Amino acid sequence: MKIVVDAFGGDNAPLEIIKGAILAQQKFNIDICLTGSESIIKKVAKENNLDISNFSIVDTPDVIPVDQTPNDIMKEYSNSSMALGLKMVANDEADGFISAGNSGALCVGGTLMVKRLKGVKRPGFAPLLPTMNGKMFMIIDGGANLDARPEILRQFGVLGSLYMENVMKISSPRVALANVGTESHKGGDLQREAYALLKDSPINFIGNVESREISEGACDVYVCDGFTGNLILKNYEGVAKSVSKAVVNIFKKNIITKIGALFVYKDLIKFKESMNADIYGGAPILGIKKPVFKAHGSSNANAIFHAIRIMIDYINANVPQKIEESFNKIKEQQNG
């Protein structure tokens, strides 16, 4: 198995990317290729005593900036570290690609270079987030499609369900629609029409779920348009950080609270770990022909390691083929 990693994607590139890739190669014994400036990669590795002798490197000085227009990956940044990685996957030179770089560019490049699966109208960005009970749920779409039609949301429900069942090993994943109330008549035209389509889909659709319930594990797949999903995603991450910071500040308040912290230290560590999104690594762009994952822009070595770990499971589960088979069955039922 060969996985390509964008060494220059993300805030902590290339050092944390290299370190994470080394951890994954040592653990899983896979081939890893880094894309980016070969001279800089080797320089950083040498300065930090990192052995990258087992890595292959595809050299390019170009990196697409995070604030660059996504479509530019097909134009002036067609030789960037991200674009070259996508081309390798599209040309069957690798089994999967991971980048912590420009999210929009990765979605555009994945759609136009790697191509959509037959029957998929729009690929969805599908990040995983932790819940208060130590489990996780998926948001789809997390930002790839700011606008969506009801039939697109239906496809997102199917895509998310297949991923959670085959990769995360959740039996009959609970799929919910993001809405302002739980009743079937709530929301605008998009939500009401999507509700009817999801209810008639071959998934475990549990109806509408309000966003305040998702942190308690109310569903396994949370379906929404990309605009809504990205707002929820960023707000969720922001609140999690604020709560963690507030808890730490409480125990640092005075000598009494510091003593109290000693008695709950282990529980605090467990809580912090349970709310750490790094263990879910990367988010797949579901609906394209080959595995392409987006890691968080601030990913450290641990997050990159877990992104590679989950991608290995994704590849072994042959998710793209199962998505295509499922969509063919839906089409046959609709035509039958």
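Placed above this text is the structure.
Please read all numbers here as calculations on a predicted model, not as lab measurements.

A. Region of interest: the pattern of salt bridges. In this structure the tally under the stated criterion is nine salt bridges. Between Glu16 and Lys19 there is a salt bridge; the shortest N-O distance is 3.2 Å. Of the two residues, Glu16 and Lys19 are both situated in helix H1 (residues 15-28); the distance of three residues between them amounts to about one turn of the helix. A salt bridge links Arg212 to Glu213; its shortest N-O distance comes to 3.6 Å. What makes Arg212 exposed here is its relative accessible area of 62%. In this structure, a network of salt bridges that share partners links the residues Glu210, Arg212 and Glu213.

B. Here's a closer look at the sheet that holds strand E3 (residues 56-59). Taking strand neighbours across the sheet as the criterion, the seven strands line up as E3-E2-E1-E4-E12-E11-E5 in an open arrangement whose pairing is mixed. Two strands close off the open sheet at either side, each with one partner strand: E3 and strand E5 (124-125). Direction of pairing for strand E2 (residues 31-36) relative to E3: parallel, over a ladder of four bridges. Its bridge partner being in E3, Thr35 is matched across the sheet by Val58.

C. Examining the pairing of strand E12 (residues 292-295) more closely. The two faces of E12 match: Val292 and Lys294 on one face and Phe293 and Ala295 on the other face are all buried. Relative to E12, strand E4 (residues 96-99) is paired through three bridges, and the arrangement is parallel. Residue pairing in the sheet places Ser99 in a bridge with Lys294 of E12. Pairing of strand E11 (residues 282-286) with E12, which is carried by three bridges, proceeds in the antiparallel orientation.

D. Region of interest: the nonpolar core. Ranked by size, the top nonpolar core spans 66 residues in total, and within it Tyr163 and Ile308 carry the most contacts. Residue contributions to this core peak at nine residues, all from helix H9 (residues 301-316). Apart from the residues within four sequence positions on either side, Tyr163 is in contact with Leu128, Met138, Met168, Pro284, Leu286, Phe293, Ile310 and Tyr314. Formed by 21 residues, the second largest nonpolar core is a distinct cluster that contains Tyr77, Leu86, Val89 and Leu106.

E. Region of the structure containing the environment of Leu117. By the secondary structure assignment, Leu117 is in the loop between helix H4 (103-114) and E5. Look at Leu117 and you get buried, because its relative accessible area is 5%. Separated by 181 residues in the primary sequence, Leu117 and Ser298 have C-alpha atoms spaced 30 Å apart. Excluding residues within four positions of it along the chain, Leu117 makes contact with Gly287, Ile288, Lys289, Pro320, Ile323 and Glu324.

F. The sheet that holds strand E8 (residues 174-178), seen in detail. Read across the sheet, five strands follow the order E6-E7-E10-E8-E9 without closing on themselves; strand pairing throughout is mixed. A single partner strand is all that each edge strand has here, and the edge strands are strand E6 (128-130) and strand E9 (204-209). The sheet shows a mean angle of 30 degrees between the axes of neighbouring strands, taken without regard to direction. Strand direction decides the pairing type here: strand E7 (residues 136-140) and strand E10 (residues 221-223), joined by three bridges, are parallel. Its bridge partner lying in E10, Met138 is registered against Val221. Sheet contacts for helix H5 (residues 150-166): E6, E7, E8 and E10; angle to E7, the most-contacted strand, approximately 150 degrees.

Definitions and cut-offs
- Residues numbered from 1 in each chain as written.
- Predicted model: local features only at pLDDT ≥ 70, side-chain atom pairs only at ≥ 80, totals over all residues.
- Heavy atoms only, no water.
- Salt bridge = Lys/Arg side-chain N within 4 Å of Asp/Glu carboxyl O.
- Helix = DSSP H or I, 4+ residues; strand = E, 2+ residues; numbered from the N terminus.
- Buried < 20%, exposed > 50% of the residue type's maximum accessible area, 1.4 Å probe, protein only.
- Pairing = 2+ DSSP bridges.
- Core = buried A, V, L, I, M, F, W, Y, C linked by side-chain atoms within 4.5 Å.
- Contact = heavy atoms within 4.5 Å.
- Axes fitted to C-alpha atoms, helices over the stretch in contact; angles between N-to-C directions.

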